[in-house]
Amino acid sequence: MRALIWVLRLFLFLLLFGFAVKNDEVVVLRFFFGAQWQVPLVLVILLFVVVGVLIGVTATLTAVYRQRREIGALRDREASLPVDPRARVPIAHGPDLPESY
């Protein structure tokens, strides 16, 4: 399985490398006030891919952080509740169990 994953990674790398080699023309990025930047097209594409990944990771991390805080608050609330031994669910056993068990 590991060999298959490495072959897939190698294929993806070669595909992206070929894309980079094919798109090595210089492009001019024009900014405000007459500022210009001449860079290869592949660097512009790579820059925007990296910025998009960073935005996606940031959005995901904020959601995960918020969910962890909510889980922690719920655990604290559950730990502070009094434990009533009569409130426990009985363990099912005996001949009246469904066949799925």
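On a predicted model such as this, the values are computed, not experimentally measured, just so you know.

Reading guide: rules and limits
- Residues numbered from 1 in each chain as written.
- Predicted model: local features only at pLDDT ≥ 70, side-chain atom pairs only at ≥ 80, totals over all residues.
- Heavy atoms only, no water.
- Helix = DSSP H or I, 4+ residues; strand = E, 2+ residues; numbered from the N terminus.
- Buried < 20%, exposed > 50% of the residue type's maximum accessible area, 1.4 Å probe, protein only.
- Areas by Shrake-Rupley, 256 points an atom, 1.4 Å probe, with all protein chains shown as cover.
- Pairing = 2+ DSSP bridges.
- Patch = residues over 30% accessible without salt bridge, like charges linked within 9 Å, V, L, I, M, F, W, Y side chains within 5 Å.
- Salt bridge = Lys/Arg side-chain N within 4 Å of Asp/Glu carboxyl O.
- Phe/Tyr/Trp six-rings, centres within 6.5 Å; stacked < 30°, edge-to-face > 60°.
- Lys NZ or Arg CZ within 6 Å of the ring centre and 35° of its normal.
- Contact = heavy atoms within 4.5 Å.

Caption draft 1: Up close: the overall build of the chain. Within the chain one finds two helices and two strands. N-terminal to C-terminal, the α/β element order of the chain is α-β-β-α. Counting all 101 residues of the chain, 3% fall into the buried class. When the accessible surface of the chain is summed, it comes to about 10,000 Å², and 69% of that surface belongs to carbon and sulfur atoms.

Caption draft 2: Geometry of unusual backbone geometry. Even without a glycine there, the phi angle at F33 is positive, about 60 degrees. Its place among the elements puts F33 in the loop between β1 (26-30) and β2 (36-40).

Caption draft 3: Up close: the pairing of β1. Summarising the sheet, β1 and β2 pair through five bridges and their orientation is antiparallel. If you follow V27 over to β2, its bridge partner there is V39. Here β1 folds back onto β2 in antiparallel fashion, the turn holding five residues, of which F33 has a positive phi close to 60 degrees.

Caption draft 4: Up close: a nonpolar patch on the surface. A grouping of F19, I45, V49, V53, V57 and L61 is seen on the molecular surface, where their side chains present a nonpolar patch of about 500 Å² in accessible area. Of the residues forming the nonpolar patch, the biggest block, five residues, is contributed by helix α2 (residues 41-80). Topologically, I45 is positioned in helix α2. Owing to a relative accessible area of 31%, I45 belongs among the partly exposed residues under this scheme.

Caption draft 5: Looking closely at the packing of aromatic side chains. Counted by the stated rule, this structure contains one aromatic pair. Here F13 and F17 contribute two aromatic rings whose centre-to-centre distance is 6.0 Å and whose plane-to-plane angle is 20 degrees, an arrangement assigned as stacked. Of this pair, F13 and F17 both sit in helix α1 (residues 2-22), four residues apart, roughly one helical turn. Positioned over the ring face of W6 is R9, at 4.8 Å from the centre of the ring.

Caption draft 6: The environment of L29, seen in detail. Structurally, the position occupied by L29 is in strand β1. Separated by 15 residues in sequence, L29 and V44 place their C-alpha atoms 9.0 Å apart. L29 has contacts with A35, Q36, W37, V39 and V44, leaving out every residue within four places of it along the chain.

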